[in-house]
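Residues per chain are reported as follows:
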Amino acid sequence: MNLSKYLKLDRIEFMSTYQCPGRCKHCSVGSRLNKPGPRHVPVKESIEAIRWLAARCPIESVMTFGGEPLLYPEVICALHSAARDAGIPTRQIITNGYFSKSPERIKQVAGELIEAGVNDILLSVDAFHQERIPLEPVLEFAGAVMKLRPDIIELQPSWVVNEAHEDPWNARTREILAEFSKLGVPVGRGDDIFMAGNAAINLSEYYPEPMLNMEDTCGSQPYTEPLDRVSSLSVEPNGDVIACAFPIGNLLCESIEEIVSGYDPYKQVFPRALLTGGAGELLRAARERDIPVDCSKCYSVCDICRQIRDFTESKETDV
């Protein structure tokens, strides 16, 4: 089988777990965290997907994140070892660095990550993470990596609006970053918080009121791409393979070969509506199927997609 013509893959992401010691006020995962269900992505099937895709696509990077991925370091190391052995050059992890209070265990995991081939560690430290997560174990983790491979770690703070914005959260983030500067850990670009998940509930005062543009099209928003030109797939803890917001298959039910060869967004109701008619058509398709969408809470077309997915998943859970 061949890949679908709608896939131009060069990246694989693993939402490795929804478990997390923090409940950050800015978290885009929001209500999905720490709920009953699979603890982490299926390891065997995920490794098979990495190997199969790397043999057929110019995969440049594999990323693991969460939740907190290092709650399951053996899973993370297995995935990155597979990516290394498959010749994938960039092997990234986003972590808040808090998975143990034991200095010995922290050093052990840091070494295991490096041995597994992780070569880009993005450490999430900012006012939001440190509201619940103690600083000392995170400093311990950063220090352990710096001693082994100082070239592969950088801080990845989240900023309200942007780094230049003046507010109490950003001010506190700068104070926290200063603690890591003593270790020599470089500060990366980080990311600007967008209104999704917990951020839409807790940080809306810093952002304009929601204003849905009915002319919004697929791939028009930051961190997104059109569903008929997908370059990155994500795997979730239950085995779902995600293209942007929509599941396109499940690794526990079918092979990655079957999933990527059969992908056609124009044969799926909501992706087709989004691609052909933008936000307006997507909203109409949802209402025709009695899926409630609260436009007053929509900052962009992506929020319609999220509400549709949340509703359909809740119905599947009910069944």
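Just above sits the structure.
A short tour of the structure in this document, coming up. (Residues numbered from 1 in each chain as written. Predicted model: local features only at pLDDT ≥ 70, side-chain atom pairs only at ≥ 80, totals over all residues. Heavy atoms only, no water.)

In a beta sheet, neighbouring strands pair by backbone hydrogen bonds and run either parallel or antiparallel. Taken together, eight strands build an open sheet; the order of strands is β5-β4-β3-β2-β1-β8-β9-β10 and the sheet is mixed. Strands at the two margins of the open sheet, each flanked by one partner only, are β5 (153-155) and β10 (246-250). Averaged over all neighbouring strand pairs, the angle between strand axes comes to 25 degrees, with direction disregarded. Here three bridges tie strand β4 (residues 120-123) to β5, and the two strands are oriented parallel to one another. By the bridge assignment for β5, leucine 123 is matched with leucine 155. Strands in contact with helix α2 (residues 73-85) are β1 (7-17), β2 (61-66) and β3 (90-95); relative to β3, the strand with the most contacts, it is inclined by about 160 degrees. (Pairing = 2+ DSSP bridges. Helix = DSSP H or I, 4+ residues; strand = E, 2+ residues; numbered from the N terminus. Axes fitted to C-alpha atoms, helices over the stretch in contact; angles between N-to-C directions. Contact = heavy atoms within 4.5 Å.)

This part covers the packing of helix α4 (residues 135-148) against helix α5 (residues 168-181). In a pair of packed helices, the angle between the axes and the distance between the axes together describe the arrangement. Between α4 and α5, whose axes approach to 10 Å, the crossing angle comes to 40 degrees. With respect to α5, the axis of α4 lies oblique. As α4 packs across α5, the resulting crossing turns out to be right-handed. When α4 is examined against α5, the residues Leu135, Val138, Leu139 and Ala142 are found in contact with a partner set consisting of Ile176, Glu179 and Phe180. Partitioned by chemical class, the residues of the contact of α4 with α5 number six nonpolar, no polar and one charged. (Parallel < 35°, antiparallel > 145°, perpendicular 65-115°, else oblique. Left-handed = near helix turned anticlockwise from the far one by under 90°. Nonpolar A, V, L, I, M, F, W, Y, C, P; charged D, E, K, R; others polar.)

Considering all chains together, one arrives at 16 salt bridges under this definition. Two residues, arginine 11 and glutamate 13, come together in a salt bridge whose shortest N-O distance is 2.8 Å. Linking glutamate 281 and arginine 284 is a salt bridge whose minimum nitrogen-to-oxygen distance equals 2.2 Å. Highlighted residues: glutamate 281 and arginine 284, both in helix α8 (residues 269-288), separated by three residues, approximately one helical turn. By relative accessible area, which is 39% here, arginine 284 ends up partly exposed. A single network of salt bridges, built from pairs that share partners, joins Glu281, Arg284, Glu288 and Arg289. (Salt bridge = Lys/Arg side-chain N within 4 Å of Asp/Glu carboxyl O. Buried < 20%, exposed > 50% of the residue type's maximum accessible area, 1.4 Å probe, protein only.)

Trans is the prevailing form of peptide bonds, just as negative phi is the prevailing case for residues other than glycine. A positive phi angle, near 65 degrees, is found at valine 161, a position not held by glycine. Residue placement: valine 161 occurs in the loop between β6 (158-159) and α5. Although it is not a glycine, aspartate 290 sits at a positive phi angle of roughly 60 degrees. Turning to its location among the elements, aspartate 290 is positioned in the loop between α8 and α9 (301-318).

On to helix α1 (residues 43-56). Spanning 14 residues, α1 covers 20 Å between terminal C-alpha atoms, matching the ideal 20 Å at 1.5 Å per step. If you check which residues of α1 are buried, you get Ser46, Ile47, Ala49, Ile50, Trp52, Leu53 and Ala54. In this fold, the buried residues of α1 make contact with β1, α2, β8 (230-235) and α7 (256-261). (Expected span 1.5 Å × (residues − 1).)

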